[in-house]
Amino acid sequence: MGADGTDSIIRKLKKVKTKEFDYEQTAIVSKINLNRAHEFISYERFTSEGSIAFLPLSGLQSGLVWSAPSVLAAEILSLPDELFLQRLQKQFGYRLGKFRGVRQRITYPLKSSSACLQGGKGWILVGNAAHTLHPIAAQGFNLGLRDVSFLSEVICDGLSLNKKLYENDLIARYSAGREGNQEKTQRFTHYLVSLFSQTYWPMKLARNGVSALIEYFPPLKHRIAKHAMGIS
Ligand SMILES: Cc1cc2nc3c(=O)[nH]c(=O)nc-3n(C[C@H](O)[C@H](O)[C@H](O)COP(=O)(O)OP(=O)(O)OC[C@H]3O[C@@H](n4cnc5c(N)ncnc54)[C@H](O)[C@@H]3O)c2cc1C
């Protein structure tokens, strides 16, 4: 089983081709020290300097994922801690209070990739080895979990019928069963990146209108959240 991430060695050994898309963006990842409790709320804000996501961690800390065009990300990354925090605060605002500190900053080049084949006799790819997504919709890990959940179902069914795990019909059932959800999630993620990368003002206006509608219409917000969690 190839569960060895985006640069999967198993995938390479099996000579599986991938379809790739380079967003020419970089994610800056770090931990931010807060001066008030995050109340276990995640935030994502789309700004003129890229998308900024905060994910609650233990104590007075939130995880930061700041995705920006690579040239801009390099500039932001080169700032000393104090100026970095000022820039972040200016872009994100004060929903999490005043930022007190930033830990080590790590970068990830953002690209999507999708394996042209996810399994064959005696091997299978799951998670990022099969598909890597832009983090804008926080779907990569969730999608991998759904792969593993369905694979375990296929394996249990196969074992109860005394089948060998490498039999082609089990692998075919897995691939067919996951294809739709993977494609839908990949398309949704790619669409969001395109939508939020637009700088043309009518697009920005429409985007802000849709965001406000989602924010102030809880049933729609819950529906989107359920869809994103894969439970709709
Ligand atoms: C900036 C950023 C933010 C993200 N935010 C979110 C989010 O909020 N929500 C979400 O759902 N997803 C998010 N993701 C995506 C998520 O991180 C990945 O989809 C997920 O980690 C993929 O899990 P994986 O186990 O398939 O691969 P990986 O996490 O890459 O794990 C692969 C593992 O295999 C190991 N490995 C590799 N080669 C070998 C080898 N030869 N032998 C042994 N071990 C090996 C590696 O060391 C690694 O531990 C984010 C991604 C990024 C880059």
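See the structure above.
Cut-offs used in this document
Residues numbered from 1 in each chain as written. Predicted model: local features only at pLDDT ≥ 70, side-chain atom pairs only at ≥ 80, totals over all residues. Heavy atoms only, no water. Near = heavy atom within 4 Å. Polar contact = N/O pair within 3.5 Å; in protein donor to acceptor, adjacent residues only side chain to side chain. Areas by Shrake-Rupley, 256 points an atom, 1.4 Å probe, with all protein chains shown as cover. Helix = DSSP H or I, 4+ residues; strand = E, 2+ residues; numbered from the N terminus. Nonpolar A, V, L, I, M, F, W, Y, C, P; charged D, E, K, R; others polar. Domains from an automatic or database assignment. 1 Å grid on protein atoms, 1.4 Å probe; cavity = no way out; pocket = protein on both sides within 12 Å on 5 of 7 lines; lining within 4 Å. Points joined across faces, edges and corners; volume = space filled by probe spheres on them. Core = buried A, V, L, I, M, F, W, Y, C linked by side-chain atoms within 4.5 Å. Buried < 20%, exposed > 50% of the residue type's maximum accessible area, 1.4 Å probe, protein only. Contact = heavy atoms within 4.5 Å.

A. How the structure looks around the site of the ligand. Of all residues adjacent to the ligand, which total 16 residues, the nearest are N128, A138, G140, F141 and N142. Take N128: an N or O atom from its side chain is 2.7 Å from an oxygen atom of the ligand. One of the backbone nitrogen or oxygen atoms of G140 is found 3.4 Å away from an oxygen atom of the ligand. For the ligand, the protein covers 52% of the area, taking 990 Å² as the surface of the free molecule. Sorting the residues of the shell around the ligand by element identifies β1 (18-34) and α4 (140-160) as the ones contributing at least two each. If one sorts the elements of the shell around the ligand by residue count, α4 sits on top with three residues. Per-class residue counts for the shell around the ligand are nine nonpolar, six polar and one charged. The residues that make up the shell around the ligand include at least three from each of domain 1 (9-20 + 111-228) and domain 2 (24-109).

B. Fine view of the layout of surface pockets. The space that makes up the second largest pocket amounts to roughly 530 Å³. Taken together, 25 residues line the second largest pocket, and the ones lying closest to its centre are K19, S114, A115, E183 and Q186. Listed by contribution, the elements that provide at least two residues to the lining of the second largest pocket are β1, β6 (106-115) and α5 (168-197). Sorting elements by how many residues they give to the lining of the second largest pocket places α5 first, with 10 residues. Across the lining of the second largest pocket, the residue classes tally to seven nonpolar, 12 polar and six charged.

C. Representation of the nonpolar core. Core analysis: the largest hydrophobic core is formed by 20 residues, its most contacted members being I32, F54, L64, W66, F84, L88 and F99. Top contributing element to this core by residue count: helix α3 (residues 81-92), with four residues. Every residue in contact with L88, bar those within four places of it in the chain, is listed here: I32, I52, F54, L64, W66, G93 and F99. By size, the runner-up hydrophobic cluster in this structure holds eight residues, among which are I124, F150, L170 and I171.

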